[in-house]
Structures are given as C-alpha cells and as structure tokens.
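Coordinate analysis (summary)
The lines below spell out each chain.
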Amino acid sequence: DTERGRVVLEPGCVADVLRRAVQTFGARAGDKQIALAVECPEDLTAPMNAPLLEQAVGNLLDNAIKYSGAGTRVRVRAARQGADVEIQVADQGPGIEKQHLTRIFERFYRVDQARSRALGGTGLGLAIVKHIALAHRGSVSVASLPGEGSTFTLRFPTGA
C-alpha cells in the first residue's frame, strides 16, 4: 500500500482533534436541534495526522447529523482500548440494514440513492474515512440496527 508511506504521523492529543471536528459541525447540528456530546480523556494521545483524523471524524459527524432527526443526540467518544485508541461516533438515526453494512465503506456506495441525492454528498465520505483509518494503521467498522441508530468506530494503535 503505497499511500501509507506518504502520511506523516506525529504524537497528538485526541481530544483536540475531536473538539475541532465537533466545532466545525456544531452550527449544523444546532440547526437541526441535535445535541453533540464529546467524551475523551485529555491525556489520550496517539501517533496521528491531526488534519486527516479530524477529516475522518468530521465525515462521520457529517453523516450522523445528516441522517439523524431533530431532538436526537450524536455522541463522539474516544478511549484507550489496550494498545489502541478507539474513536466512536454514535447517532440515533434510522440505522443501516444488515445487507448494506459490508459495502458502505466502498467508494460511491449509497444505501438509499434517492435519499442521498436529496441530502447531498458524493458517496465518498465513508471511503475517505476508511482510507484515513488505514493511513493510521487502523480500521473503521460500523454497528447498526434499523431504527436504533449507528455507531462507527475508528481504531488505530497508540504506538505505546
């Protein structure tokens, strides 16, 4: 994977990245009466490319806000899990049906073509998140049940 070699990872504060991403989407969440909550230990650090990681979290937040209804909550949580950092973006949106879960990280794949066109977007957001996760020597996964929302998890090594 030649892409991996081009991304420089430097020790950084995960909470700072999450705060910047949340700040970027705060107004849009507010417009929809969606509460954004961030939970992250201040001392949680990891080798990262901060702008890229912020973009990945931002893409997940963008989707969470786009697909969630008014009065719901989107939670961004980060914690150390063994030798890894885990960042989760959880929403209370419509959820994603099982048959789509394995494909949503593919470029241009959309669960609902008509709805995606109405809400805007390129179909690249989750593919970019996957690419950024790989650049951090990590992974991205999703857990979702229709009617119960979705939780996207970015996981990458702390370098410890």
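An account of the accompanying structure is given in this report. Each chain carries its own residue numbering, running from 1 in the direction its sequence is written. Since the coordinates come from a predicted model, pLDDT governs what is reported: local features require at least 70, and pairs of side-chain atoms require 80 or more to be given and counted, while whole-chain, interface and lining totals use all residues. Side-chain figures throughout are based on the complete set of non-hydrogen atoms in the structure, without hydrogens or water.

Side note on the overall build of the protein
Here a helix means four or more residues in a row that DSSP labels H or I, a strand means two or more in a row labelled E, and each is numbered from the N terminus. What the protein contains, in helices and strands, is 5 helices and 7 strands. Helices (α) and strands (β) of the protein occur, in sequence order from the N terminus, as β-α-β-β-α-β-β-α-α-α-β-β. Each residue is placed in one exposure class: buried if its accessible area under a 1.4 Å probe, protein chains only, is under 20% of its type's maximum, exposed if it is over 50%, and partly exposed if it falls in between. Counting the 160 residues in the protein, one finds 44% classified as buried. Contact between two residues is taken to exist if any of their heavy atoms lie within 4.5 Å; hydrogens are not considered. Counted over contacts in the protein with a minimum sequence separation of 6, partners at least 24 positions apart contribute 72%. The protein chains shown are the only cover counted for residues, whose accessible areas, like all others here, come from Shrake-Rupley with a 1.4 Å probe. When the accessible surface of the protein is summed, it comes to about 8,400 Å², and 51% of that surface belongs to carbon and sulfur atoms.

Topic: the pattern of salt bridges
In the sections that follow, a salt bridge refers to a side-chain nitrogen of Lys or Arg positioned within 4 Å of a carboxyl oxygen of Asp or Glu. This structure, assessed with the given rule, holds 8 salt bridges. With a closest N to O distance of 2.8 Å, E42 and R19 form a salt bridge. With E42 in the loop between β2 (35–39) and β3 (45–48) and R19 in helix α1 (residues 14–31), the pair connects residues that are 23 residues apart, well separated along the chain. Under the relative-accessibility criterion, E42 is labelled exposed at 52%. By relative accessible area, which is 38% here, R19 ends up partly exposed. Each member of the salt-bridge network shares a partner with another, and the members are D16, R19 and E42.

Description of the pairing of strand β5 (residues 84–90)
In terms of residue burial, β5 counts as a mostly covered element, since 6 of its 7 residues are buried. Between any two strands, pairing holds if DSSP finds at least two bridges. Judged from the 7 bridges that link them, β5 and strand β7 (residues 150–157) form a sheet pairing that is antiparallel. Looking across to β7, one finds that V89 is bridged to F152.

Focus on unusual backbone geometry
One non-glycine residue, Q33, lies in positive phi territory at about 55°. Positionally, Q33 belongs in the loop between α1 and β2. Under the relative-accessibility criterion, Q33 is labelled exposed at 53%. Residues other than glycine seldom take positive phi values, yet R137 does so here, at roughly 60°. Structurally, R137 is set in the loop between α5 (125–135) and β6 (139–144).

Here's the deal with the sheet that holds β2
Within the open sheet, the 5 strands sit side by side as β2-β4-β5-β7-β6. Their pairing is mixed. Looking at the sheet topology across the chains shown, the edges are occupied by β2 and β6. Averaged over all neighbouring strand pairs, the angle between strand axes comes to 15°, with direction disregarded. Both β2 and strand β4 (residues 73–81) contribute to a ladder of 5 bridges, which runs parallel. Following the sheet pairing, E39 is matched in β4 by R77. Note on method: axes are straight lines fitted to C-alpha atoms, helices fitted across the in-contact stretch only, with angles between N-to-C directions ranging 0 to 180 degrees. Packing of α1 onto the sheet brings it into contact with β2, β4 and β5, and relative to β2 it is tilted by some 175°.

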